[in-house]
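Notes for the structure review
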Amino acid sequence: MKFGVIGAGQMGGGIAQVAAQSGFDVVVHDVKDEFLSRGRATIEKSLAKLHEKGRLTETPAEVLGRIKFTTDLQDFADCDLVVEAIVENEAIKAQLFRQLGEIVKPEGILASNTSSIPITSLATASGRPEKFIGMHFMNPVPLMQLVEVIRGYSTSDETAQKVTEAARAMGKTPVECNDYPGFVSNRILMPMLNEAIQCVMEGVAEPEAIDQIMKLGMNHPMGPLTLADFIGLDTCLAIMEVLHQGLGDDKYRPSPLLRKMVQAGLLGRKSGRGFYSY
Ligand SMILES: CC(=O)CC(=O)SCCNC(=O)CCNC(=O)[C@H](O)C(C)(C)COP(=O)(O)OP(=O)(O)OC[C@H]1O[C@@H](n2cnc3c(N)ncnc32)[C@H](O)[C@@H]1OP(=O)(O)O
Ligand SMILES: NC(=O)C1=CN([C@@H]2O[C@H](COP(=O)(O)OP(=O)(O)OC[C@H]3O[C@@H](n4cnc5c(N)ncnc54)[C@H](OP(=O)(O)O)[C@@H]3O)[C@@H](O)[C@H]2O)C=CC1
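Residues numbered from 1 in each chain as written. Chains lettered and ligands numbered in written order. Predicted model: local features only at pLDDT ≥ 70, side-chain atom pairs only at ≥ 80, totals over all residues. Heavy atoms only, no water.

Looking up the chain in an unreviewed UniProt entry gives the name 3-hydroxybutyryl-CoA dehydrogenase, with the organism given as Deinococcus metallilatus. Quoted verbatim from the Sequence similarities (unreviewed entry) heading of the UniProt record, the comment on the chain is "Belongs to the 3-hydroxyacyl-CoA dehydrogenase family." (UniProt positions renumbered as here; feature names shortened; annotations may be inferred.)

**Topic: the site of ligand 1**
Around ligand 1 sit 18 residues in total, of which Ser 46, Lys 53, Ser 115, His 136 and Asn 139 are the nearest. A distance of 2.7 Å separates an oxygen atom of ligand 1 from a polar side-chain atom of His 136. Calculation on ligand 1 without its partners gives an accessible area of 1100 Å², and the protein chains cover 63% of this total. Those elements that provide at least two residues to the shell around ligand 1 are α2 (33-52), α7 (185-201) and α9 (224-231). Examining the composition of the shell around ligand 1, we find that three residues originate from one element, α2, more than from any other. Its residues assigned to classes, the shell around ligand 1 shows eleven nonpolar, five polar and two charged. (Near = heavy atom within 4 Å. Polar contact = N/O pair within 3.5 Å; in protein donor to acceptor, adjacent residues only side chain to side chain. Areas by Shrake-Rupley, 256 points an atom, 1.4 Å probe, with all protein chains shown as cover. Helix = DSSP H or I, 4+ residues; strand = E, 2+ residues; numbered from the N terminus. Nonpolar A, V, L, I, M, F, W, Y, C, P; charged D, E, K, R; others polar.)

**Looking at the environment of Met 135**
Mapping Met 135 onto the fold places it in strand β6 (residues 132-137). As a C-alpha pair, Met 135 and Leu 73 span 62 residues in sequence and 20 Å in three-dimensional space. Filtering out sequence-adjacent residues up to four positions away, Met 135 remains in contact with Leu 81, Val 83, Ala 111, Ser 112, Asn 113, Val 147, Glu 148, Val 163, Ala 166, Ala 167 and Met 170. (Contact = heavy atoms within 4.5 Å.)

**Side note on the site of ligand 2**
Lining the immediate surroundings of ligand 2 are 23 residues, of which Asp 30, Arg 38, Glu 88, Lys 93 and Ser 115 lie closest. Residue Asn 139 places a side-chain N or O atom 3.0 Å away from an oxygen atom belonging to ligand 2. Relative to its unbound accessible area of 880 Å², ligand 2 is 80% covered by the protein chains. Of all the elements in the fold, those that place two or more residues in the shell around ligand 2 are α1 (10-21), α2, α4 (90-103) and β6.

So this is what it looks like as structure tokens:
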């Protein structure tokens, strides 16, 4: 299997790493060499950690040897499966899929790791809607079990089956759902994070207290504000916008504080500051 990943950010890097750990030949794209170097460094660190803990059967160098880093989309022509993990923006993703639809061999499957954008609409842009699907990994990809598999309106059974098999080969547990805004994972998770942000805005409690209440009281591994910082506040806002517009209900209105923090460039862990400093 030749496995393609577009985007070497936190999700793309993790997906490429796990695909290579499973023995696939992987090609990873980003728009600039410096983003590829940053992605490679994150993968190296993660592999070193897993190796140290005895959770890798091979050496990190052997796994890395199966990953090719490129800025040229033509390198994806012979991929069997390409997973896109670029910024959560429908117009930018659609433009990429128009290009991939022309470049990747006709039998290749195109998948999006989008958190919320309609799979059916990206499938249309790709020009191969039967061979298009949502393959939604969870962050951090090397540690999380789930892959949410989202069928678009025209996704074929064969495509769903192949993607399910690929997810299993990557040691993940695929769970299928249909294409509605936010799918299942973010329709349920994101309003909780948004509500925690609203609690900060209204002065209900300090961020540390909100996180502690949810960790100690509900046994969540991370408090909601730590998790929002971890996901990226820009991504959280983009998901809330999709839920709000797509479901048309004001209960999904993004918190004004979330909007303001994104405007201020406070994106969470990836920018060094969000609800906490890193
Ligand atoms: C937005 C979307 O569209 C969908 C989403 O993904 S939503 C986000 C979903 N993800 C979550 O909700 C994550 C919630 N958090 C967790 O489950 C846990 O905090 C966690 C699994 C991330 C970490 O587990 P933890 O029990 O808190 O332990 P923690 O000590 O932090 O980490 C465990 C070990 O894994 C390591 N680790 C963390 N990330 C790693 C990575 N990417 N690669 C390798 N090792 C990693 C840590 O360094 C740590 O190692 P040590 O024990 O040597 O320190
Ligand atoms: N963060 C999370 O917890 C999860 C995110 N997702 C989804 O995965 C996708 C990626 O998210 P994540 O990895 O967190 O984001 P990151 O910001 O870490 O990475 C996004 C990548 O896309 C690149 N990019 C940005 N703009 C463009 C563009 N115009 N054209 C091409 N590439 C671009 C970025 O480059 P640059 O460095 O320039 O920004 C970066 O390499 C999103 O769709 C997100 O919703 C899914 C599950 C969980």
